[in-house]
Each structure stands twice: as C-alpha cells, then as structure tokens.
Amino acid sequence: SKKAKIWRNGSTNELEECHQLLGELETHQDAWPFLQPVNLKTVPGYKKIVKKPMDFSTIREKIINKQYSSGEGFKDDVNLVFDNCERFNEDNSEIGKAGHIMRTFFDKRWTELLKRW
Ligand SMILES: Oc1ccc2c(c1)N[C@H](O)CC2
C-alpha cells in the first residue's frame, strides 16, 4: 500500500527476495541496455529528456545500502528503468523491444512474489 513504510510483515526475506529478483533481471538475455547508468556525457539529449535516470546496478547499490524502506520503492525504481526506456526509445527499436520484454518479465515475477507475501 502507498503508506507502507516498512516491509510487509517486517520480514527480512522480502528484501532478500527483491535482491534475488534483481539477480534474475540482471542475468536476463535482454537486460543489456539496463545494467549500468546511461552515460549522460556521451548520449545526446538523455540528461534533458530523462529526469530520473535509473539502472539495475544503481538498484543493487540501493538494496545493499538499505535505501528502500519498502518493496514498493524497489518496484518503483525497476518500473522507472522501463519507463525511461519507453521515453527515450522507439517501441520497435532494439532497446525499445528489450524494455518491453523486460517489463513483461518483471511484472509476472513481481505478481508471483506479491501472491506469496
Ligand atoms: O541509440 C541509442 C544510443 C544510446 C542509448 C540509447 C539509444 N537508448 C538508451 O535508452 C540510452 C542509451
């Protein structure tokens, strides 16, 4: 829920399950556009167009540094990766297609996790 400021039932295994799911995202064959931050110095327009850059390595750092107060914050950052991708890339481009595949994969796994919590 929006107001949740702690992990549901306070269990640490939710945080571990987000960390495991992140591993599945990082090892997916279509993850390559999302593994590292976009280089704002070399990609024309990206810094202006994408207000909140996000990538899987940044999400990993945030988990490790306990910067998520809820599973929702983790989910929001993963969705931010895919929303940024849609903003900057044509749907039928290689990176645009990878973003749609990765979003579909994440949505399914996230739904499965929510059913278990
Ligand atoms: O042609 C290009 C070149 C660089 C990038 C993209 C497309 N899309 C990524 O979202 C951001 C980086």
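Residues numbered from 1 in each chain as written. Predicted model: local features only at pLDDT ≥ 70, side-chain atom pairs only at ≥ 80, totals over all residues. Heavy atoms only, no water.

### Points about the site of the ligand
Alright, step 1. Close to the ligand lie Val38, Val43, Tyr46, Phe88, Asn89 and Ile95, which account for all nearby residues.
Alright, step 2. Between the ligand and Asn89, the relevant distance is 2.8 Å, taken from a nitrogen atom to a side-chain nitrogen or oxygen of the residue.
Alright, step 3. Computed on the free molecule, the ligand has an accessible area of 310 Å², of which 57% lies beneath the protein chains in the complex.
Alright, step 4. By residue class, the composition of the shell around the ligand is 5 nonpolar, 1 polar and no charged. (Near = heavy atom within 4 Å. Polar contact = N/O pair within 3.5 Å; in protein donor to acceptor, adjacent residues only side chain to side chain. Areas by Shrake-Rupley, 256 points an atom, 1.4 Å probe, with all protein chains shown as cover. Nonpolar A, V, L, I, M, F, W, Y, C, P; charged D, E, K, R; others polar.)

### Looking at the side chain of Asp55
Alright, step 1. Within the secondary structure, Asp55 sits in the loop between helix H2 (46-49) and helix H3 (56-64).
Alright, step 2. Here Asp55 sits buried without a salt bridge, and the closest side chain of opposite charge, Arg60, lies 9.3 Å off (N-O distance).
Alright, step 3. Here Ser57 takes part through its side chain, which lies 2.5 Å from a polar atom of the side chain of Asp55.
Alright, step 4. Within polar-contact distance, the side chain of Asp55 engages the side chain of Thr58 at 2.4 Å.
Alright, step 5. Beyond its immediate chain neighbours, meaning those up to four positions away, Asp55 contacts Phe34, Leu35, Gln36, Pro37 and Val81. (Helix = DSSP H or I, 4+ residues; strand = E, 2+ residues; numbered from the N terminus. Buried < 20%, exposed > 50% of the residue type's maximum accessible area, 1.4 Å probe, protein only. Lys, Arg positive; Asp, Glu negative; His and termini not counted. Salt bridge = Lys/Arg side-chain N within 4 Å of Asp/Glu carboxyl O. Contact = heavy atoms within 4.5 Å.)

### With respect to the packing of aromatic side chains
Alright, step 1. Applying the stated rule across the entire model yields 9 aromatic pairs.
Alright, step 2. With centroids separated by 6.1 Å and ring planes inclined at 50 degrees, the aromatic side chains of Phe34 and Phe56 adopt a geometry described as tilted. One end of the pair, Phe34, is in the loop between helix H1 (13-27) and H2; the other, Phe56, is in helix H3, and 22 residues separate them in sequence. An identical accessibility class is assigned to Phe34 and Phe56; each is buried.
Alright, step 3. Ring pairing ties together the aromatic residues Tyr68, Phe74, Phe106, Trp110 and Trp117, which thus form one cluster. (Phe/Tyr/Trp six-rings, centres within 6.5 Å; stacked < 30°, edge-to-face > 60°.)

Shape is all these values report; function is a separate question.
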